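# Coordinate analysis (summary)
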Amino acid sequence: MYDVNSKCADDFINHEEILETLAYADENKENVELIDSIIEKAKKRKGLSHREASVLLACPIEEKNEEIYKLAEQIKKDFYGNRIVMFAPLYLSNYCINGCTYCPYHAKNKHIPRKQLSQEEIKREVIALQDMGHKRLALEAGEDPVRNTMDYYLESIKTIYSIKHKNGAIRRVNINIAATTVDNYRLLKEAGIGTYILFQETYHKESYLELHPTGPKHDYNYHTEAMDRAMEGGIDDVGLGVLFGLDKYRYEFAGLLMHAEHLEAAFGVGPHTISVPRLKHADDINPDDFDNGIDDDTFAKIVACIRIAVPYTGMIISTRENQKTRERVLHLGISQISGGSRTSVGGYYEPEPEDASSEQFDVSDNRTLDEVVRWLMEMDYIPSFCTACYREGRTGDRFMSLCKSGQIQNCCHPNALMTLKEYLMDYASPETKAIGDKLIDREVLNVPNEKARAVVLENLRLIEQDNRR
Ligand code: SAM
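Residues numbered from 1 in each chain as written. Predicted model: local features only at pLDDT ≥ 70, side-chain atom pairs only at ≥ 80, totals over all residues. Heavy atoms only, no water.

### Focus on the overall build of the chain
Along the backbone of the chain there are 20 helices and nine strands. Its C-alpha atoms give the chain a radius of gyration of 21 Å, within 12% of the compact-globule value 23 Å for 469 residues. The burial tally for the chain puts 61% of its 469 residues in the buried class. Partitioning the intrachain contacts of the chain with sequence separation of at least 6 by distance along the chain shows that 75% fall at a separation of at least 24. For the chain, the accessible surface area stands at approximately 18,800 Å², while carbon and sulfur atoms represent 49% of it. (Helix = DSSP H or I, 4+ residues; strand = E, 2+ residues; numbered from the N terminus. Rg over C-alpha atoms; globule rule 2.2 N^0.38 Å. Buried < 20%, exposed > 50% of the residue type's maximum accessible area, 1.4 Å probe, protein only. Contact = heavy atoms within 4.5 Å. Areas by Shrake-Rupley, 256 points an atom, 1.4 Å probe, with all protein chains shown as cover.)

### Things to note about the packing of aromatic side chains
Here the structure, examined in full by the defined rule, presents six aromatic pairs. Aromatic side chains Y423 and Y427 sit 5.9 Å apart centroid to centroid with 35 degrees between the ring planes, which places their arrangement in the tilted category. When its relative accessible area of 2% is taken as the criterion, Y423 is described as buried. Taken together, the aromatic side chains of F385, Y423 and Y427 make up a single cluster linked through ring pairs. Taking the ring centre of Y95 as reference, the NZ or CZ of R147 above it sits at 4.0 Å. If you follow R229 out to its NZ or CZ, it ends over the ring of Y222, 3.7 Å from the centre. (Phe/Tyr/Trp six-rings, centres within 6.5 Å; stacked < 30°, edge-to-face > 60°. Lys NZ or Arg CZ within 6 Å of the ring centre and 35° of its normal.)

### As for unusual backbone geometry
Unusually for a residue other than glycine, E201 sits at a positive phi of about 70 degrees. With respect to the helices and strands, E201 occurs in the loop between strand 4 (193–197) and helix 9 (205–211). Phi is positive for D380, which is not a glycine, with a value near 70 degrees.

### Some thoughts on the nonpolar core
The biggest cluster of nonpolar side chains holds 138 residues, and the ones touching the most others in it are L90, L188 and Y196. Considering each element in turn, this core owes the most residues, nine residues, to helix 13 (residues 296–309). Setting aside its immediate chain neighbours within four residues, Y196 contacts I175, I177, A178, A179, Y185, M227, A230, I235, D237, V238 and G239. (Core = buried A, V, L, I, M, F, W, Y, C linked by side-chain atoms within 4.5 Å.)

### Things to note about the site of the ligand
In the vicinity of the ligand lie 21 residues, with Y102, A141, E201, K280 and R320 positioned nearest. E201 is positioned with one of its side-chain polar atoms (N or O) 2.5 Å from an oxygen atom of the ligand. In the model, a nitrogen atom of the ligand is placed 2.9 Å from a nitrogen or oxygen of the K280 main chain. Here the ligand, which alone exposes 580 Å², has 97% of that area covered by the protein. (Near = heavy atom within 4 Å. Polar contact = N/O pair within 3.5 Å; in protein donor to acceptor, adjacent residues only side chain to side chain.)

### Notes on the pairing of strand 2 (residues 136–141)
Counted residue by residue, strand 2 has six buried out of six residues, so it is predominantly covered. The two faces of strand 2 match: R136, A138 and E140 on one face and L137, L139 and A141 on the other face are all buried. Looking at chain direction, strand 1 (residues 83–93) and strand 2 are connected through five bridges and run parallel. The residue of strand 2 that forms the bridge with P89 is A138. Here strand 2 pairs with strand 3 (residues 172–176) via five bridges, running parallel. If you follow A138 over to strand 3, its bridge partner there is N174. (Pairing = 2+ DSSP bridges.)

### Points about the environment of V345
Within the element layout of this structure, V345 appears in the loop between strand 8 (336–338) and helix 15 (369–378). For V345, a relative accessible area of 2% gives the class buried. Sequence separation between V345 and I13 is 332 residues, and the spatial gap between their C-alpha atoms is 34 Å.

### Considering the pattern of salt bridges
The final tally for this structure, using the stated rule, is 29 salt bridges. The shortest N-O distance in the salt bridge between E20 and R51 comes to 3.2 Å. Taken together, the residues span a long stretch of sequence, with E20 in helix 2 (residues 15–28) and R51 in helix 4 (residues 50–58) at a distance of 31 residues. Since its relative accessible area comes to 45%, E20 is described here as partly exposed. The exposure class assigned to R51 is partly exposed, which follows from its relative accessible area of 25%. Put simply, D365 and R367 hold a salt bridge, and the shortest N to O gap is 2.6 Å. Classification of R367 by relative accessible area gives buried; the value is 13%. (Salt bridge = Lys/Arg side-chain N within 4 Å of Asp/Glu carboxyl O.)

### A word on the pairing of strand 4
Among the five residues that make up strand 4, five are buried, leaving the element largely enclosed by the rest of the structure. The pairing of strand 3 with strand 4 spans two bridges and is classified as parallel. Note on strand 4: the bridge partner recorded for V173 is I193. Traced from strand 3 through helix 8 (residues 182–190) to strand 4, the parallel crossover comes out right-handed. When strand 4 meets strand 5 (residues 238–241), the two strands line up parallel, connected through two bridges. In the strand pairing of strand 5, I197 is matched with G239. (Right-handed = clockwise from strand over helix to strand, strands pointing away.)

### Things to note about the confidence of the model for the chain
A low pLDDT score tells you not to read the predicted coordinates there in detail. Averaged over every residue, the pLDDT of the chain is 93; residues scoring 70 or more account for 94%. For this predicted complex, the interface confidence comes out at an ipTM of 0.98, alongside a pTM of 0.95. (pLDDT = per-residue confidence, 0-100.)

### Quick word on the side chain of T325
Tracing the backbone shows T325 in helix 14 (residues 323–332). Classification of T325 by relative accessible area gives buried; the value is 7%. Discounting residues that sit within four places of it in the chain, T325 has contacts with R278, D296 and F299.

In structure tokens, the structure reads:
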């Protein structure tokens with residue numbers, strides 16, 4: 001039975017409810033009166049239910065879709081301005097005992113070299129990432145309770161935060177590792193992680209069981225209830241995502257929003273981020289073997305519908321997508337983007353030969369961070385290296401209430417400009433710096449409060465003189 005408050009995955013991601021939602025969306029996908037009323041509700045910027053958003057996603061009417069895209073763009077601007085938060089993944093280990101049929105890390109794959117970074121190797125990777133200018137990382141690892149232990153993760157996080165190199169410092173470590181216990185989530189929180197990210201892969205239980213035939217990840221309920229345990233362990237920023245291509249996208253979309261509704265109902269705070277990965281070619285994996293791939297138009301529509309359904313949730317796009325797709329969805333709702341990414345274990349310090357790669361999937365955007373930053377600024381986005389919310393304890397409901405009230409703009413805009421200035425001074429190529437300095441000159445005028453503007457100008461001047469506060 002569908003119960004948004006239940007702690008059982010079968011209730012809050014209830015299969016019957018999803019089927020009914022899809023039938024309702026099918027019946028109403030051309031019901032202009034209903035669609036208009038849903039769009040009107042969305043304009044209030046308080047979000048939509050999974051049923052309402054599913055109707056919009058199913059709607060084939062071009063004119064209505066244009067309205068949906070326009071609204072998504074506007075909501076994105078209202079909540080996130082033109083800032084885009086920058087991050088990079090850091091692969092710690094590709095040892096894995098699971099049997100996920102779509103992932104090259106699956107235990108039976110004997111072609112890929114298996115690696116786990118030592119603390120010394122982590123230092124080298126982090127220095128390489130700092131030398132690009134990164135301040136925010138997402139740690140990634142396969143599931144191997146013997147090798148990739150909680151102690152290993154805790155030590156790695158400590159190592160990462162401790163490395164100070166020139167002006168570099170990693171200020172926020174997010175982590176994407178297998179579902180674990182409340183006690184372990186508590187330890188991760190104490191170690192100072194930012195967001196705990198776990199992709200659901202698919203919300204369709206039957207498919208999930210087939211796609212994860214062996215290993216601890218086979219347990220659908222344990223995996224789906226992970227965010228509840230993370231929140232019980234004190235982690236209030238959690239990141240959801242599905243791997244589009246595994247099952248039918250409309251099913252996944254409804255499940256994803258039901259998951260967000262459940263977290264909001266049960267803990268008073270929805271997901272901090274939603275990621276939208278699409279299945280990619282990888283060693284031993286051919287995406288054509290999976291029937292549910294989605295085209296770029298559908299992908300864009302999903303991003304737009306998520307944006308208006310959960311306006312205050314950040315949205316992440318990785319280098320699984322190419323420059324063109326990234327550009328399109330940035331306008332529609334994405335707020336965080338990776339740059340200069342390597343998906344191999346140890347690949348920042350020492351890029352691997354293609355034929356002996358430990359990488360997780362083929363990267364479709366191979367540009368350097370400098371190139372990604374410049375490209376963003378050429379489109380009038382402000383690449384932001386800010387981690388202030390996390391540093392100042394604005395996580396979970398404290399972050400959400402600030403975001404829901406629209407107030408986040410008042411602190412984020414100046415912080416984005418100052419951290420961008422630091423990046424330009426420390427890491428940018430002369431061409432990128434020239435474009436960035438002009439952007440900052442223009443954008444500083446958009447700091448609404450006069451007093452605040454004076455403070456920002458003064459800080460920018462100090463950064464220019466290499467006098468950091
Ligand atoms: N071990 C953790 C877990 O169990 O969730 C982290 C997994 S992995 C390092 C991060 C994500 O990569 C997975 O959750 C999956 O969605 C994604 N992934 C796996 N294979 C992929 C592929 N072939 N193409 C694109 N993404 C893939």
